[in-house]
Amino acid sequence: MSTVARTQPTLAEVDPEVAAAIRHEEERQSSVLEMIPSENYASRAVIEAVGSVLTNKYAEGYAGARYYHGNEFVDDVEVLALERAKALFGVDHANVQPHSGAQANMAVYLGVIKPGDPVLGMQLDAGGHLTHGHPVNASAKLYNFASYGVDRETEVIDYDLMLKAAKDHQPKIIVVGATAYPRHFDFVRAREIADEVGAVLMADMAHIAGLVAGGAHPSPVGHAQIITTSTHKTLRGPRGGMVLCDQKYARRVDRGVFPGTQGGPLMHVIAGKAVMLKEAATEEFRQHAAQVVENAKTLAQTLMDAGLRLVSGGTDTHLVLIDVAKLGLDGQRAADALERAGIVANKNAIPFDTLPPTEGSGVRMGTPALTSRGMGVDEIRRVGEIIAQVLQAPDDAALGKQLRAEVSEMCARFPAPGLPSR
Ligand SMILES: *Cc1c(COP(=O)(O)O)cnc(C)c1O
């Protein structure tokens, strides 16, 4: 660090309150088993890029065509991110500017269709996302959404029903992708359905992008003409979004992002995305992605062996959805009990849920963050046993305390990446 930088006051000196909150959050992240499947640990390198002076730069527009001057170095950063995204996923075109996954989705809708146009998305209680046409979200206020869901018995997407809904609704876009769906998507079948009704297939791979990058989930590339994603979930990048698409949609997607829905891009975050894309192209990351899935399958089997019911009877991915109504619980109570034992998960609706989303009959949990800490099937099996014990005796305070101690000990043995060692 330069002399000048060293003579400037530190964060702790300028703002001890914010500094303390950050320190406490670091301690929390290192001392709990983080099992919210959309969360992960970005590497120290990613965090360093995001904490850089690139935050100072305005770069409205795209590399080589900006509205401000002084962009030669941030252009380097954005081009690196774009080239790496295209190479990693094997796509024609990428846009790395969306501030988040939700922004990426809105940018695609805005760029590709018109307000009022019909769109088909996945039902929220089947695992779909707010931006796939939930009534409270701008997607439903601006576009005419209909939905498809899962089969009541198998809890797996019913593609015949998707086809029927597509024929009835005649969507301009069909969105496939979910936040709480433990099974593979059949992108081949979804494209056939989209083609049959003349719709564009948009895959929202926010949750599974890291698995796709690492070859642990079938890729939507070559099937979906447009792919959106967040960058901070299984991809382990900074908080943000990204769009990948066929050349045919490149201009419309880019215009949907800027000037359609955003102003200046977050160049420090784009630098973090570039670093993440480099990390995700390694053999080490491929092995990590495979381990995430193996760990989730182990978790699923352990929970089912303990007598718990999982939505769809297991998982193909990084997450499981536990039906806690079967245990006389709701998602809120179950997640509270788990948190007392040091396991952080989230309440979630399950298919055909009878409880409101504020309670939910499910708990959603995943293995990405634990796998990033280096945990393998042996540790995950024990974690699964702990989860089952907690959920089967959620009010047993003594048991909770004893398991909390064991969880703390596991956390100490597997330090989380990106956090200061303590
Ligand atoms: C997480 C998620 C998003 C939104 O991402 P944000 O970065 O939180 O805006 C969109 N779609 C799906 C399917 C998701 O899981």
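Residues numbered from 1 in each chain as written. Predicted model: local features only at pLDDT ≥ 70, side-chain atom pairs only at ≥ 80, totals over all residues. Heavy atoms only, no water.

**Student:** I would appreciate a short explanation of the packing of helix α13 (residues 283-305) against helix α16 (residues 377-392) in the present structure.
**Tutor:** Packed helices, taken two at a time, are described by the angle their axes make and the gap between the axes. Two elements in contact, α13 and α16, have axes whose closest approach is 8 Å; the angle formed by their N-to-C orientations is 35 degrees. Crossing of α13 over α16 shows right-handed handedness. On α16, the residues touching Q291, E294, N295, T298, L299, T302 and L303 of α13 are V377, I380, R381, G384, E385, I387 and A388. For the contact of α13 with α16, a count of residues per class yields six nonpolar, five polar and three charged. (Axes fitted to C-alpha atoms, helices over the stretch in contact; angles between N-to-C directions. Helix = DSSP H or I, 4+ residues; strand = E, 2+ residues; numbered from the N terminus. Left-handed = near helix turned anticlockwise from the far one by under 90°. Contact = heavy atoms within 4.5 Å. Nonpolar A, V, L, I, M, F, W, Y, C, P; charged D, E, K, R; others polar.)

**Student:** How should I be thinking about the packing of aromatic side chains in this particular structure?
**Tutor:** By convention here, two paired aromatic rings are described through the distance between centres and the angle between planes. In this structure the tally under the stated criterion is six aromatic pairs. Ring geometry for Y58 against Y68: centres 5.1 Å apart, planes inclined by 20 degrees, an arrangement best described as stacked. Remark: Y68 occurs in the loop between β3 (65-66) and α5 (72-89) and Y58 occurs in the loop between α4 (44-50) and β2 (61-62); sequence separation between them is ten residues. Relative to F145, the ring of Y109 has its centre 5.7 Å away and its plane inclined at 75 degrees; by these criteria the two rings are edge-to-face. Here the residue Y109 occupies a position in helix α6 (residues 101-112), and F145 occupies one in strand β6 (residues 144-148), the gap between them amounting to 36 residues. (Phe/Tyr/Trp six-rings, centres within 6.5 Å; stacked < 30°, edge-to-face > 60°.)

**Student:** Even after reading the chapter, I still don't get the sheet that holds strand β7 (residues 173-176), so can you show me in this structure?
**Tutor:** Two orientations exist for strands paired in a sheet by backbone hydrogen bonds: parallel and antiparallel. Strands sit in the order β4-β10-β9-β8-β7-β5-β6 across an open sheet of seven strands; the sheet is mixed. Here the strands that pair on one side only, and so sit at the sheet edges, are β4 (93-95) and β6. Averaged over all adjacent pairs, the angle separating strand axes in this sheet is 20 degrees, with direction ignored. Sheet analysis places strand β5 (residues 118-122) next to β6, joined by five bridges and oriented parallel. The partner of G121 across the bridge, within β6, is S147. (Pairing = 2+ DSSP bridges.)

**Student:** What exactly am I supposed to notice about helix α9 (residues 187-197) here?
**Tutor:** Quick reminder: α-helices carry 3.6 residues per turn. Residues three or four places apart thus point the same way. What α9 keeps buried is the set F187, A190, I193, A194 and V197. On an axial view of α9, the arc spanned by its buried residues comes to 120 degrees, and they lie on one face. Buried-residue contacts for α9 involve α8 (159-169), β7 and β8 (200-204). The backbone nitrogen of V188 has a side-chain oxygen 3.3 Å away, supplied by the residue at the start of α9, namely D186. Positive backbone phi, at 70 degrees, marks G198, one or two positions downstream of α9. (Buried < 20%, exposed > 50% of the residue type's maximum accessible area, 1.4 Å probe, protein only. Arc of directions from axis to C-beta. Polar contact = N/O pair within 3.5 Å; in protein donor to acceptor, adjacent residues only side chain to side chain.)

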